[in-house]
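Observations on the model geometry
As a plain string of letters, each chain reads:
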Amino acid sequence: GENVEQHPSTLSVQEGDSAVIKCTYSDSASNYFPWYKQELGKRPQLIIDIRSNVGEKKDQRIAVTLNKTAKHFSLHITETQPEDSAVYFCAASRRTGGFKTIFGAGTRLFVKA
Amino acid sequence: DTAVSQTPKYLVTQMGNDKSIKCEQNLGHDTMYWYKQDSKKFLKIMFSYNNKELIINETVPNRFSPKSPDKAHLNLHINSLELGDSAVYFCASSLGTGQYFGPGTRLLVL
């Protein structure tokens, strides 16, 4: 069935370092790839997304890359800050009326000051 | 405030009871969703409605029944609650792509 694998499950970095989270999806019909950040006790919030016709997208300190052939996509956070500490979810979506979205299992990012 | 809102925020109940969670969005979105997030933080889609029509119905027990009276509302009714139903339930909405989540309903079944 449809599946999104996300690695690592936990990531600890020093403030100022970069963090990279990787995901692999199985449904070749997926054409939209959002990333969500969930702080402790809060709701998931969309932070960046990428469509299948684009290979890379950047927004300030965060960037996403997509390799459609390999079905890989990644989130890159540069110059990490303590407030980046949260659980990050990747997701793969395809349109079926609305969008059917399969989430990865999440990566818990710790940024040490 | 433009947002996705859910009520109640917390729900503590006994096994076997029936309960409902309500969700409303005033973002003008045409698609609404229910997700279950378990203790390991895994987010699993349960249902999705597009323009009041059910379009996604994942493998969810029949005890869970969604209802969408209009495009701005998607409620979730749960019959005969079980211990394993304890989780955080998130409502979300979208217009096309990225989803906006509600604050979550923390359900604890005793």
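Okay, so let's go over this structure. (Residues numbered from 1 in each chain as written. Chains lettered and ligands numbered in written order. Predicted model: local features only at pLDDT ≥ 70, side-chain atom pairs only at ≥ 80, totals over all residues. Heavy atoms only, no water.)

Some words on a nonpolar patch on the surface
All names here are of chain B.
- A surface patch of nonpolar side chains, amounting to about 280 Å² of accessible area, comprises V12, L108 and L110.
- With respect to the helices and strands, V12 occurs in strand β2 (residues 10-13).
- On the accessibility criterion, V12 (56% relative accessible area) is exposed. (Patch = residues over 30% accessible without salt bridge, like charges linked within 9 Å, V, L, I, M, F, W, Y side chains within 5 Å. Areas by Shrake-Rupley, 256 points an atom, 1.4 Å probe, with all protein chains shown as cover. Salt bridge = Lys/Arg side-chain N within 4 Å of Asp/Glu carboxyl O. Helix = DSSP H or I, 4+ residues; strand = E, 2+ residues; numbered from the N terminus. Buried < 20%, exposed > 50% of the residue type's maximum accessible area, 1.4 Å probe, protein only.)

A word on unusual backbone geometry
- Cis geometry marks the peptide bond from H7(A) to P8(A), where omega comes out at -5°.
- Here P8(A) shows up in the loop between β1 (4-7) and β2 (10-14).
- Look at the link from T7(B) to P8(B): it is a cis peptide, with omega at -5°.
- Following the sequence through the fold, P8(B) ends up in the loop between β1 (4-7) and β2.
- A positive phi angle is found at K71(A), which is not glycine, with a value near 60°.
- Position of K71(A) relative to the elements: it lies in the loop between β7 (62-67) and β8 (72-77).
- Of the residues examined, K71(A) reaches a relative accessible area of 25% and is grouped as partly exposed.
- Even without being a glycine, K52(B) presents a positive backbone phi close to 75°.
- Locating K52(B) in the fold gives a position in the loop between β5 (43-50) and β6 (53-57).
- Given a relative accessible area of 44%, K52(B) falls into the partly exposed group.

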